[in-house]
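Structural features, examined
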Amino acid sequence: MSQVPTLPEDQWGCKLPLLLIPVFVRSQFSKPSTVWRLAFSWKLALGDIVRKNRPSNVFLMETKNNVTLETIRRRLGFNFGSYVDPVGLSGGLALWWKTEVEIDIETSTKNIVHTVISDKLNSNVWAASFIYGCPNREGREQVWEDLMCIGQSELLLWLCMGDFNEILTTRDKVGGNSPNPRRLASFQGMLAACGLVDLEFKGPRFTWRNNRGSGDLIMERIDMAFANAKWREMYAQAIVLVEASIGSDHNPLLLNTVFPLKKVGKPFRFKSFWTTEESCKPVIEQAWALECTGSDQEKVCKKLRGCKDKLKVWHHQNFGDICLQIAVLKDQLAEIQKRIEAGPKPGFIAEEKVIKSKLEDLWQKDAMYWHQRSRIKWLQMGDKNSRFFHLTTIPSAAKKPTCEAQRWKW
């Protein structure tokens, strides 16, 4: 497993010891050139979850291209990255973490990354096994044996989390062939031998589906988190959050071990995504055309203040709180996915596509805002949307006000 430490490029200023497990699968595109490209919605979904929850480390599966992932890792502010290379066009694992935790990788295979995590905030030390289950029976049995070996020798608090590629009970599957009792017994026996218990979760029950029509739809809960008694006692408030699936046929898992910090108010700043709306320019022109008294400097200050006030009103009327809109749409998406779980209907699937499209649009605007904050040039965004790329490369007004004014011709 190759480890790539780097200097910090972007700090989110958060000390929450969170674990984020987005699960992504191999590309199903037919064109060879697209096999190695991460889907646009994949990157938006990952960026949104990281910015909103600020995890201390992230584990990804079916990564394919470590070079592309390194670029994304730096953009999202993770200081270290460690990888298991894919085998051909399948597999590949990635583990990212920030400086607020120290991670020692003890075992690294194509199915298990076993680590020791040291939390620098409270000096807690515990073991964590990140799992990517094997799709075939023989491979799964080997993974269970490897986990039992770890469980027999592990003396620390122990968390085991990831895609096990196996359901725990018959209730964890809808559609397709009936669950194999022997496979269930083998999985349950491994957990019992390791002393692992299923952590509580909040969100959709099923974490994977084959995205087919209602008659052939299969849904399963195969992405889970388990812990031994010592870990559970130490983190009694920990909860697993199942996020809505976007850009993947799996739902990301978010393990929150502590309560969130209170948010701090932010000063007013011109947001670059406003330039995507044609109605923005007239608002600024009207504010700048107002007659003001005083010296030239006082007039400029008054015009800027008036422009700020009008933009705040315009933003509220046209966008509102983008984060709130995203949260509402994600709740709607989770709700419609629950309905699909209960009984898939064509109307539900169509509604799900509409919500995902709205989410991607808001995420695009939100990504422009964070690009502006971090001053990162998201070159790969231009491959998907050239207008988005050119807008995000406009210099900020604070650094080049003359160029900005000439571009808009105010």
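None of the values given here were measured: they were computed from a predicted structure.

The next point concerns the overall build of the chain. For the chain, the count of helices and strands is 13 helices and 17 strands. The buried share of the chain, taken over its 410 residues, is 49%. For the chain, long-range pairs separated by at least 24 residues make up 66% of all intrachain contacts whose partners lie at least 6 apart in sequence. Of the roughly 20900 Å² of accessible surface on the chain, a fraction of 53% belongs to carbon and sulfur atoms.

Core analysis: the biggest nonpolar cluster contains 28 residues, and L311, L333, L359 and W363 have the highest contact counts within it. Counting only elements with at least two residues in this core, the list comes to α2 (40–53), α7 (280–289), α8 (296–318), α9 (322–342) and α10 (346–374). Not counting the four nearest positions on each side in its chain, L359 is found in contact with I246, I326, L329, K330 and L333.

For strand β6 (residues 101–108) and strand β7 (residues 112–119), the ladder comprises seven bridges, and the chain directions are antiparallel. Within β7, the residue paired with I105 across the bridge is T115. Hairpin remark: β6 followed by β7, antiparallel, with three residues in the connecting loop.

Now for the pattern of salt bridges. Scanning the model with the defined rule gives 14 salt bridges in all. Between E352 and K356 there is a salt bridge, with the nearest N and O atoms lying 3.8 Å from each other. Of the two residues, E352 and K356 are both situated in helix α10; the distance of four residues between them amounts to about one turn of the helix. Each member of the salt-bridge network shares a partner with another, and the members are D48, K52, E243 and K330.

Of the residues in the chain, 76% have a pLDDT of 70 or more, and the chain-wide mean is 76. Within the model, pLDDT remains below 50 along residues 4–38, and this stretch shows 122 contacts once partners closer than five positions in the same chain are excluded. Long-range and interchain partners of residues 376–410, a stretch whose pLDDT sits below 50, account for 47 contacts in this model, where long-range means more than four residues apart.

With that settled, consider the pairing of strand β4 (residues 80–84). β4 sits mainly inside the fold: four of its five residues count as buried. Inspection of the sheet shows β4 paired to strand β5 (residues 93–97) by five bridges, in the antiparallel sense. Opposite S82, over in β5, you have L95 as the bridge partner.

Here the focus is the environment of D85. With respect to the helices, strands and loops of the structure, D85 is situated in the loop between β4 and β5. Here the alpha-carbon distance between D85 and K64, two residues 21 residues apart in the chain, equals 7.6 Å.

What follows deals with helix α5 (residues 181–194). An ideal rise of 1.5 Å per residue puts 20 Å on 14 residues; α5 measures up with 20 Å between its terminal C-alpha atoms. Contact partners of the buried residues in α5: α4 (137–153), β9 (157–163) and β15 (223–227). In this structure N180 caps α5, since a side-chain oxygen of it lies 2.9 Å from the backbone nitrogen of R182. Phi turns positive, to about 70°, at G195, one or two residues after α5.

Reading across the sheet, the three strands line up as β10-β14-β13 and stay open at both edges, with antiparallel pairing between neighbours. Two strands close off the open sheet at either side, each with one partner strand: β10 (173–174) and β13 (208–209). Here two bridges tie β13 to strand β14 (residues 219–220), and the two strands are oriented antiparallel to one another. Within β14, the residue paired with W208 across the bridge is E220.

For F206, the location among the structural elements is in the loop between β12 (201–202) and β13. Sequence-wise, F206 and Q337 are 131 residues apart; in three dimensions their C-alpha atoms are separated by 9.3 Å. Excluding residues within four positions of it along the chain, F206 makes contact with R171, D172, K173, V174, M219, E220, R221, N251 and E341.

Counting through the fold element by element, E145 comes out in helix α4. Distance in space between the C-alpha atoms of E145 and M190 is 7.7 Å, their sequence separation being 45 residues.

Further remarks concern a nonpolar patch on the surface. A contiguous nonpolar surface patch, about 270 Å² in accessible area, is contributed by W288, V300 and L304. Mapped onto the elements of the fold, L304 is located in helix α8. L304 gets classed as partly exposed once you look at its relative accessible area, which sits at 48%.

Helices that pack against each other are described as a pair by the angle of their axes relative to one another and the distance between those axes. Running from N to C, α4 and α5 point in directions that differ by 10°, and their axes come no closer than 9 Å. In terms of orientation, α4 and α5 fall into the roughly parallel class. Together, R140, E141, W144, L147 and M148 of α4 and R183, S186, F187, M190, A193 and C194 of α5 make up the contact between the two elements. The residue inventory of the contact of α4 with α5, partitioned by class, reads seven nonpolar, one polar and three charged.

The rules behind each value
Residues numbered from 1 in each chain as written. Predicted model: local features only at pLDDT ≥ 70, side-chain atom pairs only at ≥ 80, totals over all residues. Heavy atoms only, no water. Helix = DSSP H or I, 4+ residues; strand = E, 2+ residues; numbered from the N terminus. Buried < 20%, exposed > 50% of the residue type's maximum accessible area, 1.4 Å probe, protein only. Contact = heavy atoms within 4.5 Å. Areas by Shrake-Rupley, 256 points an atom, 1.4 Å probe, with all protein chains shown as cover. Core = buried A, V, L, I, M, F, W, Y, C linked by side-chain atoms within 4.5 Å. Pairing = 2+ DSSP bridges. Salt bridge = Lys/Arg side-chain N within 4 Å of Asp/Glu carboxyl O. pLDDT = per-residue confidence, 0-100. Expected span 1.5 Å × (residues − 1). Polar contact = N/O pair within 3.5 Å; in protein donor to acceptor, adjacent residues only side chain to side chain. Patch = residues over 30% accessible without salt bridge, like charges linked within 9 Å, V, L, I, M, F, W, Y side chains within 5 Å. Axes fitted to C-alpha atoms, helices over the stretch in contact; angles between N-to-C directions. Parallel < 35°, antiparallel > 145°, perpendicular 65-115°, else oblique. Nonpolar A, V, L, I, M, F, W, Y, C, P; charged D, E, K, R; others polar.

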